[in-house]
Amino acid sequence: MPIPLLDSEASRSCPDPGIDRNPKIAVVQHRHALVVCEGCRALAAGSYEAVRDEFGVKGEDFRSMRRFRKTVDSTASKIGTAIILALVGGLITLLTLGFRAFSLQ
């Protein structure tokens, strides 16, 4: 079952009222922008909850999946770092041995 797309109203970006010389107008514009952003956030949260309910997912399921993904990413990063360090160390060793071999002649 595919995950439904986010409603276009919920996925729109929040307006930036910019700066106005009149502080009263600036306050009104910023409060209006805040209301619009909060409405978008509420729609997105409602859509997220609907998807969770449709798939029958409990709150802890996403947390455990996130924890597992972070563990796998961390392990892969450490293995990649070890491989790179081994290659660089081998290259430095070869260069050092080659330099010594030519300098002793």
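The model shown is predicted, which means the values in this text are computed figures rather than measured ones.

Considering the overall build of the protein chain
Turning to step 1, where the next piece is worked out: For the protein chain, the count of helices and strands is three helices and zero strands.
Turning to step 2, where the next piece is worked out: When the helices and strands of the protein chain are placed in sequence order, the string is α-α-α.
Turning to step 3, where the next piece is worked out: Its C-alpha atoms give the protein chain a radius of gyration of 28 Å, clearly above 13 Å, the size a compact globule of 105 residues would have.
Turning to step 4, where the next piece is worked out: Each principal axis of the C-alpha distribution contributes one length, and for the protein chain these read about 85 × 50 × 20 Å.
Turning to step 5, where the next piece is worked out: The proportion of buried residues among the 105 residues of the protein chain is 8%.
Turning to step 6, where the next piece is worked out: Counted over contacts in the protein chain with a minimum sequence separation of 6, partners at least 24 positions apart contribute 50%.
Turning to step 7, where the next piece is worked out: For the protein chain, the computed accessible surface area is about 9,000 Å², with 66% contributed by carbon and sulfur atoms.
Turning to step 8, where the next piece is worked out: Averaging the locations of the 14 positively and 11 negatively charged side chains of the protein chain gives two centres separated by 10 Å.

Quick word on the confidence of the model for the protein chain
Turning to step 1, where the next piece is worked out: Averaged over all residues, the pLDDT of the protein chain is 84; the fraction at 70 or higher stands at 92%.
Turning to step 2, where the next piece is worked out: Ranking the helices and strands of the protein chain by mean pLDDT puts helix α3 (residues 59–103) first, with 90, and helix α1 (residues 8–11) last, with 75.

Here we look at helix α2 (residues 23–55)
Turning to step 1, where the next piece is worked out: If you check α2, its first and last C-alpha atoms are 48 Å apart, about what 33 residues at 1.5 Å a residue would give, namely 48 Å.
Turning to step 2, where the next piece is worked out: Buried residues of α2: A26, A33, V36, C37, C40, V51 and R52, and no others.
Turning to step 3, where the next piece is worked out: Positioned one or two residues after α2, G56 has a phi angle of 70 degrees, which is positive.

Brief notes about the layout of surface pockets
Turning to step 1, where the next piece is worked out: In this model, the largest pocket occupies a volume close to 150 Å³.
Turning to step 2, where the next piece is worked out: Around the largest pocket sit eleven residues that line it, and I3, Y48, V51, R52 and F62 are the ones nearest its centre.
Turning to step 3, where the next piece is worked out: With five residues, the top contributor of residues to the lining of the largest pocket is α2.
Turning to step 4, where the next piece is worked out: Looking at the lining of the largest pocket, its residues break down into nine nonpolar, one polar and one charged.

Things to note about the pattern of salt bridges
Pairs can form between side chains of opposite charge whenever their charged atoms are close.
Turning to step 1, where the next piece is worked out: Evaluated as defined, the whole model comprises two salt bridges.
Turning to step 2, where the next piece is worked out: Across the pair R41 and E38 runs a salt bridge whose closest N-O atoms are separated by 2.8 Å. One end of the pair, R41, and the other, E38, are both in helix α2, three residues apart, so they sit about a helical turn from each other.
Turning to step 3, where the next piece is worked out: Using a relative accessible area of 41% as the deciding quantity, one classes E38 as partly exposed.
Turning to step 4, where the next piece is worked out: Among the salt bridges present, the one from R69 reaches D73, with a minimum N-O distance of 3.6 Å.

The rules behind each value
- Residues numbered from 1 in each chain as written.
- Predicted model: local features only at pLDDT ≥ 70, side-chain atom pairs only at ≥ 80, totals over all residues.
- Heavy atoms only, no water.
- Helix = DSSP H or I, 4+ residues; strand = E, 2+ residues; numbered from the N terminus.
- Rg over C-alpha atoms; globule rule 2.2 N^0.38 Å.
- Buried < 20%, exposed > 50% of the residue type's maximum accessible area, 1.4 Å probe, protein only.
- Contact = heavy atoms within 4.5 Å.
- Areas by Shrake-Rupley, 256 points an atom, 1.4 Å probe, with all protein chains shown as cover.
- Lys, Arg positive; Asp, Glu negative; His and termini not counted.
- Charge placed at Lys NZ, Arg CZ, Asp CG, Glu CD.
- pLDDT = per-residue confidence, 0-100.
- Expected span 1.5 Å × (residues − 1).
- 1 Å grid on protein atoms, 1.4 Å probe; cavity = no way out; pocket = protein on both sides within 12 Å on 5 of 7 lines; lining within 4 Å.
- Points joined across faces, edges and corners; volume = space filled by probe spheres on them.
- Nonpolar A, V, L, I, M, F, W, Y, C, P; charged D, E, K, R; others polar.
- Salt bridge = Lys/Arg side-chain N within 4 Å of Asp/Glu carboxyl O.

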